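Residue-level structural notes
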Amino acid sequence: MPAPEFQHTVAKTASLSGTALHTGDKVTLKLHPAPVDHGIKFKRKDLQDEPTIDAKIENLKTVERATTIGEGSVRVHTVEHILSALSAMGVDNAIVEIDANEPPIGDGSAQGYVDLIKRAGVTAQDEPRRFFDVREPIHVESKTGALLVLLPADKFRISCTQAGPNNQFTQFLSMEVSPAVFEREIAPARTFVYYEDVKPLMDKNLIKGGSLENAIVVRGDAVLSKEPLRFGDEFVRHKILDIIGDLALVGRRIRGHIVAVKPGHATNADLARLITREQTRRSALAAPRTLPSGDGGLDADQVMQILPHRFPFLMVDRIISFETETKCIGVKTVTINEPFFQGHFPGHPVMPGVMQVEAMAQVASILLFKLAKTTSRIGYFMSADGVKFRKPVLPGDTIFIHAELTKSRGERLAKAKCYCVVNDSVVSEAELMFTFLDK
Ligand SMILES: [Zn+2]
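Fair warning: this is a prediction, and the values are worked out from it, not measured in the lab.

Comments concerning the overall build of the protein chain
In terms of regular secondary structure, the protein chain is built from 8 helices and 25 strands. A compact globule built from 439 residues should have a C-alpha radius of gyration of about 22 Å, whereas the protein chain, at 30 Å, is more than 25% larger. When the backbone C-alpha atoms are referred to their principal axes, the protein chain occupies close to 95 × 40 × 40 Å. Here the contacts in the protein chain between residues at least 6 apart in sequence split such that 69% fall between residues at least 24 apart. Put simply, the protein chain shows about 21,300 Å² of open surface, and 53% of that area lies on carbon and sulfur atoms.

What follows is the structure, given as C-alpha cells:
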C-alpha cells in the first residue's frame, strides 16, 4: 500500500486583483485556508449575507464559453481557470472570496492563480485525500464530435487532441499532471477564441472585459494576440487546463487517464457528472467498513486457543487490533445461519441483545487472559451495568466489538467498558464485571 496522500489547503490568505471578463469591472479575489473535507467554495463578498457556492458539479449552471456555477439566484462565472490551478497545484480545501460575479480573468491563462497559490503557500492537513479510482473505461461524447474517454491508470494523466474548424490548428499533447508540470507546461496557456464567435458578443457588449490582453483571437488563418504565442501548441495546452478545471467539480482527485478529442466545457461537465454518479453508486455499494489489517490481531484459531467457547457460542470471529494492553476491537460477522435466528424470530431475524453482551464479554475476556498470561482459569460474569440496546442487529451485519478494561482488582476481579458498533453507529453497550476461577 502506498503511503496515504493527505488533503492540503493554503497556508495563509493571499489576494489578487484584476478585471472581470463579462462586466469589465475591477474584482479582488482572496484565497483563504479551509478545514479538511471542506472542498473549494466560492464566496460572493459583494452580495448581502455573502453567500457561498460549492464548486460541485451539482451546482453547474451553464457551460457557454465558460463554466458557471450557482445556487438559487447567486452565480459565479468563469470558475474553470482558478479551479484548474487549485486542483493541479494540490489544494483540496479553500475559500475563493470575490467581490464580483467572477474571478479576475488575468491574461486568460491560469498563471496569475498559480502565482497566487504560491504566495499563499500549500500546507498538508491531517485527513487523507479522496480519490476517484477509474475501474473501467467510461466515456462521453457530443454530437459536435467531442469525445472524452476515462481509462484506468494509477496517476492522473491527460492526452488531448484539439482541432479548430476545418481541422485547423490540430494539436496533440499527452502528460501526467503534477504541480511542477502544470506550472511549467499548462498554466501559462491562454484562452483562445474564434473571431466569428466573439464578434456578436462584442457587438452586444457581453464581454466588456474581453481584449487581446486576455485572449488569443483566431480569425481565419491569423492568430491575433498582444503577446506572441507562448507555445507552438498553446491551444491544446489551454484545452487541458480547462479539462482539469471542469473536472475539479467532481470534488475528488481522479486517478485515471483522460483521453480527450476536441473537448469543450459541455463534454467536460458531462464527464464530471458521470464520474460523480459512479462515485455515488460505489459509495452506496461500499462495505460499511473494511477490516483494518494491522499487526497484533488474532485470527479465529488464535481466538479459540484463548477462549474455551465453541460453536454455537463463540461470538468473536477474530480480534482486529489491540490498541494497548487494556483495549482491543473484535469482530463478529452475523450471518443468517446463526442458530439463534431460527427462533429469534421466525420470519423476522434479530440478533438477541444478550448475545451481543456475550460477544462483549468474550472480547473483554481475551484482554484479561492476555494480561494474566494464562488460560488455565475461566472468567465468570458477575454483573452487567448500564446495558443499552440501541439498534437491532440483522443478518449480514458486521459487529465491531470494542472492549476496554477499566479496573482490575487483584487477579480475580475485572471491569470492562464495552460497546458494539455496526455501520459506524453504536448498537449496544454495557459495563461488565468478571471474576476468575480456576478451571
Ligand atoms: Zn479556459
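A closer look at the sheet that holds strand β6 (residues 60-62)
With antiparallel pairing, the 3 strands of this open sheet are ordered in space as β6-β7-β8. Pairing within the sheet leaves two strands with one partner each, and these edge strands are β6 and β8 (74-76). On average, adjacent strands in this sheet sit at an angle of 40 degrees to one another, irrespective of strand direction. Here 3 bridges tie strand β7 (residues 68-71) to β8, and the two strands are oriented antiparallel to one another. Its bridge partner being in β8, I69 is matched across the sheet by V76.

A short note on the coordination of the zinc ion
Within the protein, the zinc ion binds to H81 (NE2), H238 (NE2), D242 (OD) and D242 (OD); these donor distances fall in the range 2.1 to 2.6 Å. Classification of the site at the zinc ion as irregular follows from its 4 donor atoms and the range of 54 to 150 degrees in their angles at the metal.

Quick look at the packing of helix α1 (residues 80-88) against helix α5 (residues 234-247)
Their axes nearest at 7 Å, the elements α1 and α5 cross at an angle of 80 degrees. Relative to α5, the element α1 lies roughly perpendicular. Residues E80, H81, L83, S84, S87 and A88 of α1 pack against H238, L241, D242, I244, G245 and D246 of α5. Its residues assigned to classes, the contact of α1 with α5 comprises 4 nonpolar, 5 polar and 3 charged.

Considerations on the layout of surface pockets
Counted as a void, the second largest pocket has a volume near 1,200 Å³. At the level of elements, α1, β16 (192-194), α4 (195-203), β17 (216-219), α5 and α6 (265-285) are the ones that each hand at least two residues to the lining of the second largest pocket. At 7 residues, α4 tops the list of elements feeding residues into the lining of the second largest pocket. Of the residues in the lining of the second largest pocket, the class split is 22 nonpolar, 17 polar and 9 charged.

Description of helix α2 (residues 111-120)
Looking only at α2, the buried set comprises Y113, V114, L116, I117 and A120. Along the axis of α2, the buried positions cluster into a sector of 160 degrees, meaning they face one direction only. Along its buried surface, α2 packs onto β1 (6-10), β2 (14-19), β3 (26-33), α1, β10 (122-128) and α3 (179-186). G121 sits one or two residues past α2 and shows a positive phi near 80 degrees.

Regarding α4
By the burial criterion, the buried members of α4 are Y195, V198 and L201. One side of α4 holds all its buried residues, which, seen down the axis, span an arc of 130 degrees. Packed against the buried residues of α4 are β16 and β17. Looking one or two residues beyond α4, the residue adopting positive phi is N205, at roughly 65 degrees.

Remarks on the environment of L224
Relative to the assigned elements, L224 resides in strand β18 (residues 222-224). Owing to a relative accessible area of 35%, L224 belongs among the partly exposed residues under this scheme. Sequence-wise, L224 and I319 are 95 residues apart; in three dimensions their C-alpha atoms are separated by 69 Å. Discounting residues that sit within four places of it in the chain, L224 has contacts with L212, A215, I216, V217 and R219.

Focus on the packing of α1 against α2
In the contact formed by α1 and α2, the axes pass within 9 Å of each other and the chain directions differ by 45 degrees. The angle between α1 and α2 falls in the class oblique. Judged by the twist between their axes, the crossing of α1 over α2 is right-handed. Judged by residue contacts, H81, I82, A85 and L86 of α1 engage Y113, V114 and I117 from α2.

Notes on the sheet that holds β3
Sheets are built from strands that pair by backbone hydrogen bonding, the pairs being arranged parallel or antiparallel. Ordered by their spatial adjacency, 5 strands build an open sheet running β2-β3-β9-β4-β5, and the pairing between neighbours is mixed. Because the sheet does not close on itself, it has two edges, and the strands there are β2 and β5 (52-54). Here the strands of the sheet are splayed against their neighbours by 20 degrees on average, with no regard to which way each runs. Lying over the sheet, α1 contacts β3, β4 (40-44) and β9 (94-98), oriented at roughly 145 degrees with respect to β4. On the sheet, α2 packs against β2 and β3 and is oriented at approximately 160 degrees with respect to β2.

Here's the deal with the environment of H265
Here H265 shows up in helix α6. Counting along the chain gives 120 residues from H265 to G145, while the straight-line C-alpha distance between them is 13 Å. Filtering out sequence-adjacent residues up to four positions away, H265 remains in contact with V63, R65, A66, T67, E80, D242 and D246. In this structure the side chain of H265 is engaged in a polar contact, spanning 2.7 Å, whose partner is the side chain of D246.

Reading the values: rules and limits
Residue numbering note: each chain is counted from 1, following its sequence as written. Two thresholds apply to this predicted model, a pLDDT of at least 70 for residue-level local features and 80 or more for giving and counting side-chain atom pairs, whereas whole-chain, interface and lining totals are computed over all residues. Only hydrogens and water are set aside; all other atoms, that is, all heavy atoms of the structure, feed into the side-chain values. Helix numbering and strand numbering both begin at the N terminus, where a helix is a DSSP run of H or I of at least 4 residues and a strand a DSSP run of E of at least 2. The reference for a compact globule is 2.2 Å times residues^0.38; the radius of gyration itself is calculated from the C-alpha atoms. Contact definition: two residues touch when any of their heavy atoms are within 4.5 Å. Accessible surface area values rest on a Shrake-Rupley calculation with a 1.4 Å probe, where residue burial reflects the displayed protein chains alone. Strand pairing requires that DSSP identify at least two bridges connecting the strands. Angular values range over 0 to 180 degrees, each being the angle between N-to-C directions of two axes fitted as lines to C-alpha atoms, with helices fitted over their stretch in contact. Donor atoms are limited to N, O and S found within 2.8 Å of the metal ion, a distance that becomes 3.2 Å for Na, K and Ca. With water left out, some sites might look partial. Note on geometry labels: four donors, all angles 85 to 135 degrees, give tetrahedral; four donors become square planar and six octahedral when opposite donors are over 155 degrees apart and every other angle is between 65 and 115; remaining cases are irregular. Roughly parallel covers angles under 35 degrees, roughly antiparallel covers those over 145, roughly perpendicular covers 65 to 115, and oblique covers all other angles. Here the nonpolar group is Ala, Val, Leu, Ile, Met, Phe, Trp, Tyr, Cys and Pro; Asp, Glu, Lys and Arg are the charged ones; every other residue, Gly included, is treated as polar. The way it works is a 1 Å grid over only the protein atoms, where trapped points that fit a 1.4 Å probe form a cavity and open points with protein on both sides within 12 Å along at least five of seven lines form a pocket, and then any residue with an atom within 4 Å of a point lines it. Grid points are joined across faces, edges and corners, and a volume is the space filled by probe spheres set on the points. Residue burial is assigned from relative accessible area. The probe radius is 1.4 Å, only protein chains are included, and a residue is buried under 20% of its type maximum, exposed over 50%, and partly exposed in between. Our arc is simply the arc of the directions from the helix axis toward the C-beta atoms. Note on convention: the crossing is left-handed when the near helix lies turned anticlockwise from the far helix by less than a right angle, right-handed when the turn is clockwise. What qualifies as a polar contact is a pair of N or O atoms within 3.5 Å, subject to a donor-acceptor requirement within protein and to the restriction that residues adjacent in sequence count only when both atoms come from side chains.

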